[in-house]
Every structure is written in C-alpha cells, then in structure tokens.
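Examination of the molecular architecture
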Amino acid sequence: MRRLRACLGAAAAVTLAAAGTTALVASSASGATTALDNRWYAAAPYLMPLDNDPPDPAAIMDATGLKAFQLAFVLAPDGGGCTPTWGGTAPVASDTAVQSVISTIRAKGGDVSVSIGGYGGTKLGQACTDPASTAAAYQQVITKYGLHAIDFDLEEPEYENSAAIRNEIGAAKILQQNNPGLYVSVTTAGTADGTGWFGKQMLLEAKAQGFTPNNFSIMPFDGGFNGAASQTGALTNFNTILQSTFGWDQATAYAHEGFSGMNGRSDTGEYFTQADFQTVLDYATSHHMDRFTFWSLNRDRQCTPADNGGRTSGTCSSVAQNAWDFAKYSVKFASVTPPTTTPTPTPTPTPTPASCKPAWSSTAVYTAGNEVSYDKHNWKARWWTQNETPGASQWGPWQDEGAC
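The notes below deal with the structure included here. Please read all numbers here as calculations on a predicted model, not as lab measurements.

Observations regarding the nonpolar core
Counting residues in hydrophobic clusters, the biggest one holds 95 residues, and the most contacted among them are Phe69, Phe152, Phe216 and Phe292. For this core, the leading source of residues is helix α8 (residues 228–246), giving seven residues. If sequence neighbours within four positions are ignored, Phe216 has contacts with Val186, Met202, Leu203, Ala206, Phe238, Leu242, Phe246, Trp248, His256, Glu257 and Gly258. Within the second largest apolar cluster, six residues are counted, among which are Trp360, Trp379, Ala381 and Trp398.

A closer look at the state of the cysteines
For the structure on display, the rule yields two disulfides. Linked covalently through their sulfurs, Cys82 and Cys128 form a disulfide whose S-S length is 1.9 Å. One disulfide, between Cys82 and Cys128, carries an S-S torsion of 100 degrees and so falls in the right-handed class. Here Cys82 is found in the loop between β2 (68–75) and β3 (85–86), whereas its partner Cys128 is found in the loop between α4 (124–127) and α5 (131–145), with 46 residues between them in sequence. On the basis of relative accessibility, which here comes to 26%, the residue Cys82 falls in the partly exposed class. Overall, Cys128 belongs to the buried group, its relative accessible area being 5%.

Observations regarding the packing of aromatic side chains
Applying the stated criterion across every chain yields a total of 20 aromatic pairs. A ring pair is formed by Phe73 and Trp295, whose centres lie 5.4 Å apart and whose planes are at 15 degrees; its orientation type is stacked. Placement of Phe73 in strand β2 and of Trp295 in strand β12 (residues 291–295) is noted, with a sequence separation of 222 residues between them. Take Phe73 and Trp295: they sit in the same class, and that class is buried. Taking the centre distance of 5.5 Å and the plane angle of 80 degrees together, the rings of Trp360 and Tyr374 count as edge-to-face. Here Trp360 is found in the loop between α11 (327–333) and β13 (365–366), whereas its partner Tyr374 is found in strand β14 (residues 371–374), with 14 residues between them in sequence. By relative accessible area, Tyr374 is classed as partly exposed at 32%. Ring pairing ties together the aromatic residues Phe259, Phe277, Phe292, Phe294, Phe326, Tyr329 and Phe333, which thus form one cluster. Taking the ring centre of Phe333 as reference, the NZ or CZ of Arg39 above it sits at 3.8 Å.

Observations regarding helix α10 (residues 274–286)
Between its first and last C-alpha, α10 extends 18 Å over 13 residues, near the 18 Å set by a 1.5 Å rise per residue. Residues of α10 that are buried include every one of Gln274, Asp276, Phe277, Val280, Leu281, Tyr283 and Ala284, and no others. Looking at the buried residues of α10, the elements they touch are α8, α9 (250–255), β9 (257–262), β11 (271–272), β12 and α11. A positive phi of about 55 degrees marks His288, the residue just after α10.

Considerations on the environment of Val336
Mapped onto the secondary structure, Val336 falls in the loop between α11 and β13. Remark: the alpha-carbon pair of Val336 and Trp40, spanning 296 residues in sequence, is separated by 9.7 Å. In this view, Val336 contacts Trp40 and Val331; residues no more than four positions away in its chain are not counted.

A look at the packing of helix α7 (residues 197–209) against α8
Each packed pair of helices is defined by two parameters, the angle between the axes and the distance between the axes. Across the interface, α7 lies against α8 with an axial gap of 10 Å and an inter-helix angle of 35 degrees. Of the two possible hands of crossing, α7 and α8 adopt the one that is right-handed. Counted together, Lys200, Leu203, Leu204, Ala206 and Lys207 of α7 and Phe238, Ile241, Leu242, Thr245 and Phe246 of α8 form the full contact between these two elements. Within the contact of α7 with α8, the residues separate by chemical class into seven nonpolar, one polar and two charged.

Definitions and limits used
- Residues numbered from 1 in each chain as written.
- Predicted model: local features only at pLDDT ≥ 70, side-chain atom pairs only at ≥ 80, totals over all residues.
- Heavy atoms only, no water.
- Core = buried A, V, L, I, M, F, W, Y, C linked by side-chain atoms within 4.5 Å.
- Buried < 20%, exposed > 50% of the residue type's maximum accessible area, 1.4 Å probe, protein only.
- Helix = DSSP H or I, 4+ residues; strand = E, 2+ residues; numbered from the N terminus.
- Contact = heavy atoms within 4.5 Å.
- Disulfide = S-S within 2.5 Å.
- Phe/Tyr/Trp six-rings, centres within 6.5 Å; stacked < 30°, edge-to-face > 60°.
- Lys NZ or Arg CZ within 6 Å of the ring centre and 35° of its normal.
- Expected span 1.5 Å × (residues − 1).
- Axes fitted to C-alpha atoms, helices over the stretch in contact; angles between N-to-C directions.
- Left-handed = near helix turned anticlockwise from the far one by under 90°.
- Nonpolar A, V, L, I, M, F, W, Y, C, P; charged D, E, K, R; others polar.

Here it is, written out as structure tokens:
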C-alpha cells in the first residue's frame, strides 16, 4: 500500500537542516503562499486525492487541527515516458482535480507535500534516463503546485534497481539545490533490523552523491511487526544504521530519522491501534526525530461490515475508531493540541452472520467458485486448490466472504 528540507547548498549538503526553517514562497495557479513551519510537513499524513474514496481534507482540518497533507503518488505514465502523472494515468500538466484539493487546503491555512513513487507502478527514476531528466520531471510538479515539500517514497520494486535509485537520489539532490528551502523526505521499507539490504544500498547511494535530505523515514509494517514495541525497536536499529553510514552521532541521526506507519490493519494482517501510535509518537518526540507520518488518511475511519469483513481496506482501518483518530497523532507531533471534540460516527450496526458453508477439508479438491467454512468465516475458492488452509495467505486461493 504504503507509509515518509531545508535546501542545502552543494558545499553544505550534509549540514543539519534547522527545524522550522521557512521554505520558499512560490507562485502558482493553485495559490501557494508562505510555507508552513517544517514541523507540519514532517507530520503530514498520506492522502490519495484521486483514489480510495478520498475524504474531504477541509473536514479533517476542522475536526483535528491538521494543516499538512502528503498527496500520493506521482508516477511515470503507464504507457511510458518521462513526464509526471498522478497514479500513472492523470498527467500533472493538465491536472485540475488535485489542484482543486490543494487550493481547498491552502484556503484554510494549510499546505501539501507531494509523494513520488510508492508501491507499484512505474517510477520516473525507472523511466527517465538520468538524474537531470528525472529532476526535470519532478520540477514540473513543484512548479505546477508551488510546492514547499516533496517526499521520495523509494520501495519495491524500484529500490531493487540501482540505476533507478541513482536517478531518484540524484534528482532529489538537484531539486534540493534548485529550490531553496524545499523540505525533502526519503521514505523506504522498514525491517526489524531497521531496513533491509536494498534500503541500505539506497543510503550508501545518498552518501556517495553527498545528498542529505531532511530525513530518511522507514515504514515498520508489512514485515512481521507486532505492535509499537517492534516498531520502536526497528527505529532504534535504523538509527544505528544512519550513524554507521553517514558518520553521525546518535542525536544527529535521530534529527534525520523519520517514522511512517500504517494505521489499523496492515497488508499482511498486523494491527496497529491508537495506543501503538501514541507509544511510537512518544518515542519519536523524546528522541527528537524529524518526521512522524502514516498511511493513510483514506483509511482513518472505521469500517462497516459491507466494506471490511476482516480484510485490509484502502478506505478504512479495520480497527475500532472515531473518524480521524490517527490524524490527531500527526497534529500532536507538530506540537499542536488537537480539538477535544470530534464528531462521533454513527455506530456500526452489528451484522447478522451468514450461514456457514460446508466445513473445509484438507483432503478435498476444490475448484474455482467452491465455497467452504473455516474458522467461523465463509471462503470461496479462486482457483483449483487442495490442502491450502483458508486465510493462511492474503494472496492464496481462498477469498474471505465474511463471518458466519
């Protein structure tokens, strides 16, 4: 799915960016004004403005006090080429829909960062020939929307491509130099050890190019995590990696470190509750980390039986919550107290369980369309299967049809 500035001159590329530095004042059709404090860009949760039943950002701002949003994702065109699009299909050059969302946010005193990359799709670092052409494509996005902040979400499968990562890191450095005050975050996969081999290679590429963003953020979910303790452990280990890679002391490494979580149920069935978010927030603030964000605002609302049924959703969290509960942790990270009253959603009606199908058998052969019951849920076979337990794998042969 997924969960990540002050411009430095070439001679000072490894200098610490001061928190709260004011970014450039840009002129654009979307009405950019003076930038927010950098702490807001560091706290901006991800929002898909064109997909996954986009929520109204104005309503979120009113309910929580949130001011910054991380809009996702800018990709290369699905048909090929080195020009920016939203999701591979909507060219940035002719966009009016996202621009309207940005204008709404800015009219209420907020602002946006734009995230490039993400999981899936073709990234501009893969499609463009070199760092300069990659940067030129991203500069179109910065200029179009008058951006003060940008996020490089470098993960599978792009970060397994060394040439693509060289283009992305090189482009980030160019943008940082050409847009004084631009807040730049780099987000990548998290593991229990901090980040994996490809994440470490990305850090080494940044070191080789003399590039230091405001932060490197990891996404400690979808990797066998189990609550906040496993996430803070990964953040501690990632801090050690930053120290050893860049020669920083612990405090400097934390000042360049960020957290990008996933609210509720993750893609692999992990659960992260409001209590987990509070624990990680306490860790981030006590260690003076630079960023605290999550994927996503589209999911920051309670599921109904019709849109969930125990599965990960792009439009709700799969945990008990009021709307925008998780956004309030971003507001707290920005050192702002969120409103004390939040509209309580209509209670979710308790569904009447469906009748259970015949019990699944490990010895029986099932073909596409066959239905069984297992672990108090009904399941439908997607294809031929035998001795594959329903629910054992998200991508397995069984489709969960809900409780019975």
